[in-house]
Amino acid sequence: MTQPADLTRPTTDAPAPAPDGAPGARPAPDPGGRADGAGLSVAEVVDLVERAAPPALAASWDSNRLICGDPQDRVSSVLLAVDPVTAVIDEAIERGVEMIITHHPLYLRGTEAVAATDPKGRLIHRLIRSGIALLNAHTSLDAAHGGVADALAAAVGLDDVVPLEPDPTDPAQGIGRVGRLPRPVSLRDFAAAAARALPDSAPGLLLGGDPEAEVRTIAVSGGAGDSLLARARQVGADVFLTADLRHHPASEHLEGGRPYLLCGTHWATEWVGLPPLARRLEAEALAKGAGLSAVVSRTVTDPWTMRLTTADGA
């Protein structure tokens, strides 16, 4: 399995893939990766992230906030990742960063305890002991200008991009994007290009529809996209690229014709939003006269680690 594609790689210092390309391989510690400037406070980094991903864009059910850390603590280096899981915490400790910014929240439904008797509680204890703050930007980053949806649209080469599901208070932003390819191509060729643009993980990319059909108008949405199937059809998309599509909704949708479906992994379709955020954080910190090193984790945190061909493999 390869590491995330270089075309989405940030300009910041990122580790090279493991020699054997193993999934989930972590880079060696990088004690020299800290910036030379004065750094920011945790609160200032939160402010930069919220400027990039305004909380007002978040879904009502979502959590986008500082999860762990003292707002007054100083930060010179941050690690960006999709998931707040053990492998990411390990990487942050190895790198010596002071803050982790993840897409997904550690606690989406809330909690009554953070005892180290469960996996999430243990993560909180490790973060506190290591002096590492944890912040997340979820649906706010999905919907924002330059966020996950825009990054996914750019990765697959779309022009004339607009929100797939516009935000009620700011229709120029919102969940998903729809746009057009510079020229029509076959579904097979577009799927191959999309597969090259996404970081790799075991499940890869699934195609639903006629591979030889001509397509041009493309809808995209990082993460689970079941709820947007009808909207993708409503806007006249030929293809809808998303993730986590379930059997029955996908099957019933395809019975009705276009848009054809490309189903990636939740992790891969959202990872592409991290490099632009890393670049923005570094640039805005520099504009404040502060040094901030923002590195995107290349640790694959997709839950699936291996794919086997079923039956006889023919």
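Since the structure is predicted, the reported quantities are computational estimates derived from the model, not experimental observations. (Residues numbered from 1 in each chain as written. Predicted model: local features only at pLDDT ≥ 70, side-chain atom pairs only at ≥ 80, totals over all residues. Heavy atoms only, no water.)

Caption draft 1: Highlighting the nonpolar core. Core analysis: the largest hydrophobic core is formed by 53 residues, its most contacted members being Leu80, Met99 and Phe190. The leading source of residues in this core is helix H1 (residues 42-52), at six residues. Split by domain, this core shows at least three residues from each of two domains, domain 1 (40-141 + 272-296) and domain 2 (145-264). Excluding residues that lie within four positions of it along the chain, phenylalanine 190 makes contacts with Val156, Leu181, Val185, Val215, Ile218, Val239 and Leu262. Ile89, Ala92, Leu123 and Val295 belong to the second-largest nonpolar core, a separate cluster that totals 16 residues. (Core = buried A, V, L, I, M, F, W, Y, C linked by side-chain atoms within 4.5 Å. Buried < 20%, exposed > 50% of the residue type's maximum accessible area, 1.4 Å probe, protein only. Helix = DSSP H or I, 4+ residues; strand = E, 2+ residues; numbered from the N terminus. Domains from an automatic or database assignment. Contact = heavy atoms within 4.5 Å.)

Caption draft 2: Broad picture of the pairing of strand E13 (residues 293-296). Residue alternation in E13 divides its side chains into two sets, Ser293 and Val295 and Ala294 and Val296, and both sets are buried. The pairing of strand E4 (residues 77-81) with E13 spans four bridges and is classified as parallel. Looking at E13, one finds that serine 77 is bridged to serine 293. (Pairing = 2+ DSSP bridges.)

Caption draft 3: Fine view of the UniProt feature "binding site: a divalent metal cation" (unreviewed entry) in the chain. As recorded in UniProt, the sites labelled "binding site: a divalent metal cation" (unreviewed entry) are His103, His104, Asp142, His266 and Glu270. Across 168 residues, the annotated set stays spatially compact, with a maximum C-alpha separation of 12.4 Å. Lining residues of the largest pocket drawn from the annotated set just named are Asp142, His266 and Glu270. Relative to the helices and strands, histidine 103 is located in the loop between strand E5 (99-102) and helix H3 (119-130). With relative accessibility at 1%, the residue histidine 103 sits in the buried group. With respect to the element layout, glutamate 270 can be found in helix H9 (residues 266-271). Taking the relative accessible area as the measure of exposure, glutamate 270 reaches 2% and is therefore buried. Excluding its chain neighbours within four sequence positions, the residues that come into contact with glutamate 270 are Val82, His103, His104, Asp142, Val148, Gly222 and Gly223. (UniProt positions renumbered as here; feature names shortened; annotations may be inferred. 1 Å grid on protein atoms, 1.4 Å probe; cavity = no way out; pocket = protein on both sides within 12 Å on 5 of 7 lines; lining within 4 Å.)

Caption draft 4: Summary view of the sheet that holds strand E9 (residues 206-208). With respect to topology, six strands assemble into an open sheet ordered E7-E8-E10-E11-E12-E9, the strand pairing being mixed. Strands at the two margins of the open sheet, each flanked by one partner only, are strand E7 (159-166) and E9. Adjacent strand axes in the sheet meet at a mean angle of 25°, parallel and antiparallel pairs treated alike. Pairing geometry for strand E10 (residues 214-224) and strand E11 (residues 239-243), over four bridges, is parallel. Each residue of the ladder has a partner; that of alanine 219, found in E11, is phenylalanine 240. Strands in contact with helix H5 (residues 148-155) are E7, strand E8 (174-186), E10 and E11; relative to E10, the strand with the most contacts, it is inclined by about 145°. (Axes fitted to C-alpha atoms, helices over the stretch in contact; angles between N-to-C directions.)

Caption draft 5: Summary view of the layout of surface pockets. Considering only enclosed or pocket space, the largest pocket measures out at about 460 Å³ in volume. Along the wall of the largest pocket there are 27 residues; nearest its centre are Trp61, Thr139, Asp142, Ile175 and Ala224. Among the secondary structure elements, those contributing two or more residues to the lining of the largest pocket are helix H4 (139-143), H5, E7, E8, E10 and H9. Residue contributions to the lining of the largest pocket peak at four residues, all from E10. Among the residues forming the lining of the largest pocket, the class breakdown is 12 nonpolar, 10 polar and five charged. Two domains each put at least three residues into the lining of the largest pocket: domain 1 (40-141 + 272-296) and domain 2 (145-264). Of the volumes computed, that of the second largest pocket is approximately 330 Å³. Residue assignment for the lining of the second largest pocket shows that the elements contributing at least two residues are strand E12 (260-264) and H9. (Points joined across faces, edges and corners; volume = space filled by probe spheres on them. Nonpolar A, V, L, I, M, F, W, Y, C, P; charged D, E, K, R; others polar.)

Caption draft 6: Structural view of H5. For H5, a buried count of six out of eight residues is recorded, marking the element as mostly surrounded by other parts of the structure. Taken together, the buried positions of H5 are occupied by Val148, Ala149, Ala151, Leu152, Ala153 and Ala155. Immediately downstream of H5, the backbone of glycine 157 shows phi near 80°, a positive value.

Caption draft 7: Region of the structure containing the pattern of salt bridges. All told, the structure shown has eight salt bridges when counted by the stated rule. For aspartate 238, the salt bridge goes to arginine 258, with nearest N and O atoms at 3.0 Å. Of the two residues, aspartate 238 sits in the loop between helix H7 (229-234) and E11 while arginine 258 sits in the loop between helix H8 (247-255) and E12, which places them 20 residues apart along the sequence. Taking relative accessible area as the criterion, aspartate 238 reaches 15% and is therefore assigned buried. Salt-bridge contacts for arginine 280 lead to glutamate 284; the nearest nitrogen and oxygen are separated by 2.9 Å. Highlighted residues: arginine 280 and glutamate 284, both in helix H10 (residues 274-287), separated by four residues, approximately one helical turn. Taking the relative accessible area as the measure of exposure, arginine 280 reaches 31% and is therefore partly exposed. (Salt bridge = Lys/Arg side-chain N within 4 Å of Asp/Glu carboxyl O.)

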